[in-house]
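Close look at the chain arrangement
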Amino acid sequence: MASPPGLTRRCRRRVAPAEGGRRLDALLRQWLPAVLGRPLSNASVRRLILGGAVRLDGRPTRRPAEALREGARVEALVRLDLLAETRRDGERAVTLNAGSLLYEDGSLVAFDKPAGLAMHATADPARPDFFSLAERFLAERRGAAVRLGLHQRLDRETSGVVLFTLDPAADAPLAAAFAGRAVTKTYEALTHRPRGGPRAAWTVTGLLGPVGRGRAQRMGPVPRDGQAAETRFRLVEDLGRALLVEARPLTGRKHQVRAHLASSGCPVLGDALYGPGLRSPVPADRALLHARRLELRHPLPGAPLRIESPRPPDFEAALAALRSR
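Presented here is a report on the structure given in the accompanying data block.

Basis of the calculations
Residues numbered from 1 in each chain as written. Predicted model: local features only at pLDDT ≥ 70, side-chain atom pairs only at ≥ 80, totals over all residues. Heavy atoms only, no water. Buried < 20%, exposed > 50% of the residue type's maximum accessible area, 1.4 Å probe, protein only. Helix = DSSP H or I, 4+ residues; strand = E, 2+ residues; numbered from the N terminus. Arc of directions from axis to C-beta. Contact = heavy atoms within 4.5 Å. Polar contact = N/O pair within 3.5 Å; in protein donor to acceptor, adjacent residues only side chain to side chain. Pairing = 2+ DSSP bridges.

1. Describing helix α7 (residues 313-323)
Turning to α7, its buried residues are Phe315, Ala318, Leu319 and Leu322. In a view along the axis of α7, the buried residues occupy a sector of 100°, so they form one face of it. Elements in contact with the buried residues of α7: β9 (184-192), β13 (242-249) and β14 (289-297).

Right, dumping it as structure tokens:
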């Protein structure tokens, strides 16, 4: 019997002998719909796991692909009133169009990545990813399969310029340009105001590596066993309770700009991972970080190339709200 809306259900079971070694997300997809009395999308299952609502033997796990041990205790805490919304989110059609195209020639193509879209395919085959959407858009536009080369990545929550190669001959020189710091990457971020007030400009350098464990793990400064990272920052506008900051990362580490801003005392507005517990002065449904511009020499003709992405509507709305206060 289905539970009424608004109720939180705690579902428990043991892993049967025949289920030993099975993936956690696969077990939940089979088990939970029968227990809850309603369908559950792949995206909903993944969100439950990544949101920390699933425990194995009493410990939280955020790994959808975790292999299950025979006899292990599986517990899921499910908010039934959120399932319909989650299911709609997971099934929402995401497409690219001509307005998403920022630059194209025979060797390169650049798109404007929307926030909330993973760069690569995930464990959930129904969940859209930016790389596949870009390939599909170009294939439909050209009437033939397209091969894209990826040399740059953005976080799921980050919007902005992403550059791909179309011609394999451009792969090596473009990879060398990124590795050799010959590509200027410019981001914009709306951030919390640091204690003591903002600086006009500053640089963060050092080793960047995983800090913390479990759900709280993020990238941060580490004394050893990390990767060298450097980001230059410039204050663009003091907005009172927030700042508009320009960031130029000289290296390309995971979460680099977000982590360096957090270590500077001004995490990005809406960034739940690097600014936990901080309340944004304006509504922010995601980390308000935008990859605004790429500047480089074209990998084949060598001419200067500048590709820019306009600020997305949610970023502009937040900026306008801050300016009006």
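Here the narrative resumes.
2. Digging into the side chain of His290
Mapped onto the elements, His290 comes out in strand β14. Classification of His290 as buried rests on a relative accessible area of 0%. At 2.8 Å, the side chain of His290 and the side chain of Ser159 are in polar contact. Side chain to side chain, His290 and Ser309 meet in a polar contact 3.1 Å long.

3. Quick look at the pairing of strand β5 (residues 101-104)
Bridging between β5 and strand β6 (residues 108-113) involves 3 bridges; their strand directions are antiparallel. Along β6, the bridge assignment pairs Leu101 with Phe111. Between β5 and β6, which pair antiparallel one after the other, the connecting turn spans 3 residues.

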